[in-house]
Amino acid sequence: MTEARDADLLFKALADSSRRKLLDLLNVHDGRTLNDLCEHLDMTRQGVTQHLAVLEEANLIGTVRRGREKLHFLNPVPLQEIYERWISKFEKPRLKALADLKRRLEKDHG
Amino acid sequence: MAKSTYVYVSYIRTTPEKLWAALTIDTEFQKQYWFGNTCLSGWTAGSTWKMEGPDGTLMDAGEIVESDPPKRLVIRWTHQWKPELKEEGPSLCTMLLEQEGSAVKLSITHTIERENSKLITAVSGGWPKVISNLKSLIETGSIAVDVNKK
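For every chain, the first residue of its written sequence is number 1, and the numbers climb from 1 along that sequence. By the order in which they are written, chains take letters starting at A while ligands take numbers starting at 1. Local features in a predicted model are, by the rule used here, given only for residues with pLDDT of at least 70; side-chain atom pairs are given and counted only at 80 or more, and totals for whole chains, interfaces and linings are based on all residues.

(A) The packing of helix 5 (residues 77-109) of chain A against helix 4 (residues 118-140) of chain B, seen in detail. The contact between helix 5 of chain A and helix 4 of chain B brings their axes to 9 Å, and the two run at 70°. Taken together, helix 5 of chain A and helix 4 of chain B sit at an angle that is classed as roughly perpendicular. The hand of the helix 5 of chain A/helix 4 of chain B crossing is right-handed. Of the residues in helix 4 of chain B, those touching helix 5 of chain A at V77, Q80, E81 and E84 of chain A are P128, K129, I131 and S132 of chain B. For this classification, the nonpolar set comprises Ala, Val, Leu, Ile, Met, Phe, Trp, Tyr, Cys and Pro, the charged set comprises Asp, Glu, Lys and Arg, and every other residue, Gly included, is treated as polar. Within the contact of helix 5 of chain A with helix 4 of chain B, the residues separate by chemical class into three nonpolar, two polar and three charged. Every angle, taken between N-to-C directions, lies between 0 and 180 degrees, and every axis is a line fitted to C-alpha atoms, over only the stretch in contact when it is a helix. By definition, any uninterrupted DSSP run of H or I lasting at least four residues is a helix, any uninterrupted run of E lasting at least two residues is a strand, and each is numbered from the N terminus. With respect to orientation, any angle under 35 degrees is reported as roughly parallel, any angle over 145 as roughly antiparallel, any angle of 65 to 115 as roughly perpendicular, and every other angle as oblique. Handedness of a crossing is defined here by the sense of rotation of the near helix relative to the far one, left-handed for an anticlockwise turn of less than a right angle and right-handed for a clockwise turn. Two residues qualify as a contact pair if the distance between their C-beta atoms, derived from the backbone, is within 7 Å.

(B) Inspection of the packing of helix 2 (residues 17-28) of chain A against helix 4 (residues 45-57) of chain A at higher detail. Residue and element names in this part refer to chain A. Packing of helix 2 against helix 4 brings their axes to within 10 Å, and their N-to-C directions diverge by 75°. The angle between helix 2 and helix 4 places the two elements in the roughly perpendicular class. Mapping the contact onto sequence places S18, R19 and L22 in helix 2 and H51, L52, V54 and L55 in helix 4. Residues belonging to the contact of helix 2 with helix 4 are distributed by class as follows: four nonpolar, two polar and one charged.

(C) Layout of unusual backbone geometry. Here P69 of chain B and P70 of chain B are connected by a cis peptide whose omega angle stands at -5°. Checked against the element boundaries, P70 of chain B lands in the loop between strand 4 (58-68) and strand 5 (72-79). Phi at N59 of chain A takes a positive value of approximately 65°, unusual for a residue other than glycine. On the basis of neighbour count, N59 of chain A is assigned to the buried category, with 21 C-beta atoms found within 10 Å. Positive phi, normally seen in glycine, also occurs at N116 of chain B, with a value near 45°. Its place among the elements puts N116 of chain B in the loop between strand 7 (103-112) and helix 4. Remark: C-beta atoms are placed from the backbone, and a residue is labelled buried if 20 or more other C-beta atoms sit within 10 Å of its own, exposed if 12 or fewer do, or partly exposed between those counts. When the 7 C-beta atoms within 10 Å are taken as the criterion, N116 of chain B is described as exposed.

In structure tokens form, the structure reads like this:
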């Protein structure tokens, strides 16, 4: 498995509204079973299972077995990697602007 | 389910032995991916465990519940620094390392026996950054993404 393939799997998994809805559902409430997730989607159980498999392959969800049940959790680690790759550098100017503002306001205040 | 849980998964291109060392005894390496923090422990079941901040502040403390190198580590983990997190009491952090092809699947599960835990909310923001840094550091030798890397 290469880095390029990891990224392909990740973006392919995100390029589907049903799969994004599954991630949204897990974002609101983590640790859901397949039955629980099926209740929120107008789709067959088999369809939901297939979407979950794509999300798991892209490492966007983690699963834990509890007895006979499989619980699904949103795994934010690959999204953090996207953030660091393209977005985090834009944070620095914003943080610097805030620090500059604070310094200027506090200087005027004193 | 009257508990709060978070599950984090990352595939890191390394060996289970190297990853185990990075998570446990290699404190100099740890500082680089854990924002200057270090974990100190004997790393065997029953030994005490603590995490210190860059200036030596005690951040978290507890003990090793299970240790099966280089596969499974369970830490009983109580936050120490912020009173509102400390009062929630001990949480359980399980690290599972599984070889999958040329990579190691690292699964970290952090659980506490209470609903809407503030501790779990706090770690849910921290762990992805730590794991992402760890992966990048092990695979490329640096924590920042080098855009010139071919």
